[in-house]
Amino acid sequence: MKPRILLIEDNEHNRYLATFLLERSGLEVRSAADGAAGIAIAAEGGLDLILLDILLPVMDGYAVAGELRRNPALARVPIIAVTSYAMAGDRERALAAGCDGYIEKPINPDTFVADVTRFLRPAGETGA
Ligand code: MN
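Now for a quick tour of the structure. Nothing here was measured: the structure is a model prediction, and the numbers come from that model.

## Focus: the overall build of the chain
Along its length, the chain carries five helices and five strands. Going from the N terminus to the C terminus, the chain shows its helices and strands as β-α-β-α-β-α-β-α-β-α. For 128 residues, the compact-globule formula gives about 14 Å, and the C-alpha radius of gyration of the chain, at 13 Å, lands near that figure. For the chain, with 128 residues in total, the buried portion stands at 44%. Here the analysis covers contacts within the chain between residues at least 6 apart in sequence; of these, 63% occur between residues at least 24 apart. Summed over its atoms, the accessible surface of the chain is roughly 6600 Å², and 53% of this surface lies on carbon and sulfur atoms. Positive and negative side-chain charges in the chain, numbering 13 and 18 respectively, have mean positions lying 4 Å apart.

In structure tokens, the structure reads:
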């Protein structure tokens, strides 16, 4: 089965580019434009990884990560923060909120898929 990624990103252009790059590499992508929609999709299960924008309307990515981490069914699903915040403290804050890693914006189309897939668990270890 194709690895299934949930992309939570409010910017339509960023969502389009990330989805294009991931799908072109054979990954399945579901996307949400805000945290609440992303949390609802995540609750359905079947995800291998979550890409999470930090600057989101209403509920920022830190709050979304915290909410996702309160769902035990998602405990083994990596959450990767994607943010243009360049401050060193933001990385620690993302990790403290429950993220497993961090990719900086703007994403580099040449390395984005590799940046994402290195966080996927080996086949057979996924679940949720
Ligand atoms: Mn955003």
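## Some points on the nonpolar core
Ranked by size, the top nonpolar core spans 22 residues in total, and within it Leu6, Ile8, Ala42, Ile50, Leu52, Leu68 and Cys99 carry the most contacts. Broken down by element, the residue count for this core peaks at four residues, all from helix α3 (residues 61-69). Among all residues touching Leu68, those that are not within four sequence positions of it are Ile39, Ala42, Ile50, Leu74 and Ile79.

## Let's talk about helix α2 (residues 35-43)
Listing the buried residues of α2 in full gives Gly35, Gly38, Ile41 and Ala42. For α2, the angular spread of buried residues about the axis comes to 125°, placing them on one side. Within α2, the exposed residues directed more than 90 degrees away from the buried face are Ala36 and Ala43. If you follow the buried residues of α2, they end up packed against β1 (4-8), β2 (28-32), β3 (49-53) and α3. Its side-chain oxygen 3.1 Å from the backbone nitrogen of Ala36, Asp34 forms the N-cap of α2.

## Structural notes on the sheet that holds β1
Spatial ordering of the open sheet is given by β2-β1-β3-β4-β5, a layout of five strands whose pairing is parallel. Looking at strand neighbours, the two that pair on one side only are β2 and β5 (101-104), the edges of this open sheet. Taking the axes of each pair of neighbouring strands and ignoring which way they run, one obtains an average angle of 20° across the sheet. Pairing of β1 with β2, which is carried by five bridges, proceeds in the parallel orientation.

## Quick look at the side chain of Thr19
By the secondary structure assignment, Thr19 is in helix α1 (residues 12-24). If sequence neighbours within four positions are ignored, Thr19 has contacts with Leu7 and Val29.

The rules behind the values
Residues numbered from 1 in each chain as written. Predicted model: local features only at pLDDT ≥ 70, side-chain atom pairs only at ≥ 80, totals over all residues. Heavy atoms only, no water. Helix = DSSP H or I, 4+ residues; strand = E, 2+ residues; numbered from the N terminus. Rg over C-alpha atoms; globule rule 2.2 N^0.38 Å. Buried < 20%, exposed > 50% of the residue type's maximum accessible area, 1.4 Å probe, protein only. Contact = heavy atoms within 4.5 Å. Areas by Shrake-Rupley, 256 points an atom, 1.4 Å probe, with all protein chains shown as cover. Lys, Arg positive; Asp, Glu negative; His and termini not counted. Charge placed at Lys NZ, Arg CZ, Asp CG, Glu CD. Core = buried A, V, L, I, M, F, W, Y, C linked by side-chain atoms within 4.5 Å. Arc of directions from axis to C-beta. Polar contact = N/O pair within 3.5 Å; in protein donor to acceptor, adjacent residues only side chain to side chain. Pairing = 2+ DSSP bridges. Axes fitted to C-alpha atoms, helices over the stretch in contact; angles between N-to-C directions.

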